[in-house]
Amino acid sequence: MAQKTISELEEVPSSRPTPISVSLMAKVIKIGHVAKFKTSNGEEAEMINFSLADKSGAILATCTDTSKDRMIKEGKTLHIREFILKNGRVAMSHKTKVLAKPNMDIPVDILQKAEHLILPPSPIKKVEEILASPRRSITTVQGQLSKIESTKTVKVNGTDTVIRTISIEENGKKIDVTLWREMAEEDLKIGQYLSISHCMLNEWQLHKSLNTTRNSKIQIIQPLTSTVRGNIDSITLNDIAVEIALKEDSKEEYKDFSVDLAIIRSVFPDTLQVRVEDLENYLLQKLPILVELIVQGSNVQNMHLIEQPAGSMDYDAEQ
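Just so you know, these numbers come straight off a predicted model, no measurement behind them. (Residues numbered from 1 in each chain as written. Predicted model: local features only at pLDDT ≥ 70, side-chain atom pairs only at ≥ 80, totals over all residues. Heavy atoms only, no water.)

**Concerning empty space enclosed by the protein**
Defined as follows: Points on a 1 Å grid over protein atoms alone make up a cavity when a 1.4 Å probe fits among them but cannot get out, and a pocket when they form an open set with protein on both sides within 12 Å along at least five of seven lines; lining residues each have an atom within 4 Å of a point. Grid points are joined across faces, edges and corners, and a volume is the space filled by probe spheres set on the points. Every helix listed is a DSSP run of H or I at least four residues long, and every strand listed is a run of E at least two residues long, numbered separately from the N terminus.
Evaluated as defined, the whole model comprises two cavities of 30 Å³ or more. By volume, the largest cavity is sized at about 60 Å³. If you trace the largest cavity, you find it lined by I232, I235, V242, I244, I264, F268, L283, L287, I289 and M303. Among the secondary structure elements, those contributing two or more residues to the lining of the largest cavity are β18 (225-237) and β19 (241-248). Looking at the second largest cavity, its volume works out to about 40 Å³. Around the second largest cavity, the lining residues are V34, E46, M47, I48, C63, T66 and D69.

Below, the structure is given as C-alpha cells:
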C-alpha cells in the first residue's frame, strides 16, 4: 500500500473532508484536550485532540473512537490507515486502522512544532503591549484584578456554557478577560494579582479583550512593580508609615498607598528634625505634592519628587 508523509498530506486540498486510504507512519507527540459533543443521533461522544509528527513535518489529529485511546499515547509511533483529512487535520474514526510501529526519531525543530500545535507559546506581555497586538494573538496577561462580573450562561454548540468577565489592570492600563467553563467558577477576589496564560485576543467594535482557552491556567502571583505619577493631596500617619491618597495624572480616581516612614524622612531630610507627633502637620503644609512612585501592590518602594524643594532627594527602599 502506498504511503504518504505529513508534508505530502499538507499539499492535499482539505477545504472539504478528503478520505485518505494510503498509510501514514507518524509519532504521537502531544495529547491535548478531550472535547465532548453530540452525534447526529443525539448521542454523547468524545473526541481526543493530539499532534503527530514524522521526519517531514507535524500535523494536528483527532480521534472519535474511544477504543483507540490505548494506542494514542505520547511517544508512540503509529501506522495509520483509512482516515479523513479535514481542515488540515488527520481525522480518525472507528473506520481507521491503527497499529504500533517501532520508535521513529523526530528532528528537534519538528518536535517543537508538534508540541506548539497543541500548546502554543504564551509570552507574558504588558497590558499596553497586548492592546497593540494583532487579533487572535496568544498571550499571558498579568496584573491586578479590578472588576468581577457575575457568571452567565451562553450556548456553545447547543451546550450551556458558563462564562464570567473580569478586568485586569497593570501600570494604569486595563483589559477585560472572559473566563470560560471551569475558570468562570474560580474563587477570585478584587485586588488579587493574577497571571492568566494562553489567552486569545479578540476584537469587537474596536474593543479588544481576551478570552481564556482550554490551555489557560490562572495563578495568584505576588504584586507587580509599576510606576504611577500624580498628586498626593491627603495623608494619614501611623507608627511606621504614611498612608497617602494619590490622584493620578489625567484621572479622577484616587489610589491608596503606604509609604514607609524611612522613605518619607529620606525624601524630606528636614523631617529628620521633626518629631513623629508633628510629622503629619509638617507634610500637610506641603500638599499637594507631585510625585512619581515605584510601587509593588499598595506599597511604595521608591519616591521621586517631580517638583523637588531644596534639599530633597530620591530614596529607594532597597538601598
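**With respect to helix α2 (residues 108-118)**
Stated precisely, the cut-off is as follows: Throughout, exposure labels follow a simple rule: accessible area from a 1.4 Å probe, protein chains only, divided by the maximum for the residue type, with under 20% read as buried, over 50% as exposed, and the rest as partly exposed. Working note: the arc is built from the helix axis to C-beta atom directions. Contacts are assigned to residue pairs with any non-hydrogen atoms lying within 4.5 Å of each other.
Within α2, burial applies to I110, A114 and I118. On an axial view of α2, the arc spanned by its buried residues comes to 85°, and they lie on one face. In this structure, α2 carries V108 and D109 as exposed residues pointing more than 90 degrees from its buried face. Looking at the packing, one finds that the buried side of α2 touches β3 (23-38), β4 (44-53) and β5 (58-63).

**Considerations on unusual backbone geometry**
A cis amide bond links L287 to the next residue, P288, at an omega of -5°. Looking at the element boundaries, P288 is found in the loop between α5 (276-284) and β21 (289-296). A positive phi angle, near 60°, is found at R181, a position not held by glycine. With respect to the helices, strands and loops of the structure, R181 is situated in the loop between β14 (173-180) and β15 (193-204). The partly exposed category is assigned to R181, whose relative accessible area is 30%.

**Regarding the layout of surface pockets**
Empty space among the atoms can be located by rolling a probe the size of a water molecule over them. What counts here: Put simply, Ala, Val, Leu, Ile, Met, Phe, Trp, Tyr, Cys and Pro go in the nonpolar bin, Asp, Glu, Lys and Arg in the charged bin, and everything else, Gly too, in the polar bin.
Taken as a whole, the largest pocket encloses approximately 1,600 Å³ of empty space. Every residue lining the largest pocket is counted, 37 residues in all, and those nearest its centre are H33, A35, V156, R181 and R214. Among the elements that make up the lining of the largest pocket, the one with the highest residue count is β3 (seven residues). Taken together, the residues of the lining of the largest pocket sort by class into 14 nonpolar, 13 polar and 10 charged. Roughly 440 Å³ of internal volume is contained in the second largest pocket. If you trace the second largest pocket, you find 17 residues lining it, with T62, I84, K86, A91 and M92 closest to the centre. Contributions of two or more residues to the lining of the second largest pocket are made by β2 (18-20), β7 (83-86) and β8 (89-92).

**Overview of the pattern of salt bridges**
Applied cut-off: Whenever a carboxyl oxygen of Asp or Glu lies within 4 Å of a side-chain nitrogen of Lys or Arg, that contact is scored as a salt bridge.
Counted under the stated rule, the structure contains 13 salt bridges. Among the ionic pairs, K36 bridges to E46, the shortest N-O distance being 2.8 Å. On the criterion of sequence distance, the pair formed by K36 in strand β3 and E46 in strand β4 is long-range, its members being 10 residues apart. Judged by relative accessible area, which is 62%, K36 ranks as exposed. Note that D187 is salt-bridged to K189, the shortest N-O span being 3.3 Å. One salt-bridge network, held together by shared partners, links K147, E149 and D176.

**Comments concerning the environment of T151**
If you trace the backbone, T151 turns up in the loop between β11 (138-148) and β12 (152-156). In this structure T151 comes out as partly exposed when scored by relative accessible area, which is 36%. Sequence separation of T151 and E185 is 34 residues, and the distance between their C-alpha atoms is 7.8 Å. Setting aside chain neighbours within four positions, we find T151 in contact with V162, I163, R164 and A184.

**As for the pairing of strand β22 (residues 299-305)**
Counted only if it meets this: Two strands make a pair as long as DSSP finds a minimum of two bridges between them.
When β21 meets β22, the two strands line up antiparallel, connected through six bridges. Bridge assignment links L293 to a residue of β22, and that residue is M303.

**Describing α5**
Those residues of α5 that sit buried are L279, Y282 and L283. Seen end-on, α5 carries its buried residues on one side only, within an arc spanning 90°. Buried residues along α5 sit in contact with β18, β19 and α4 (261-267).

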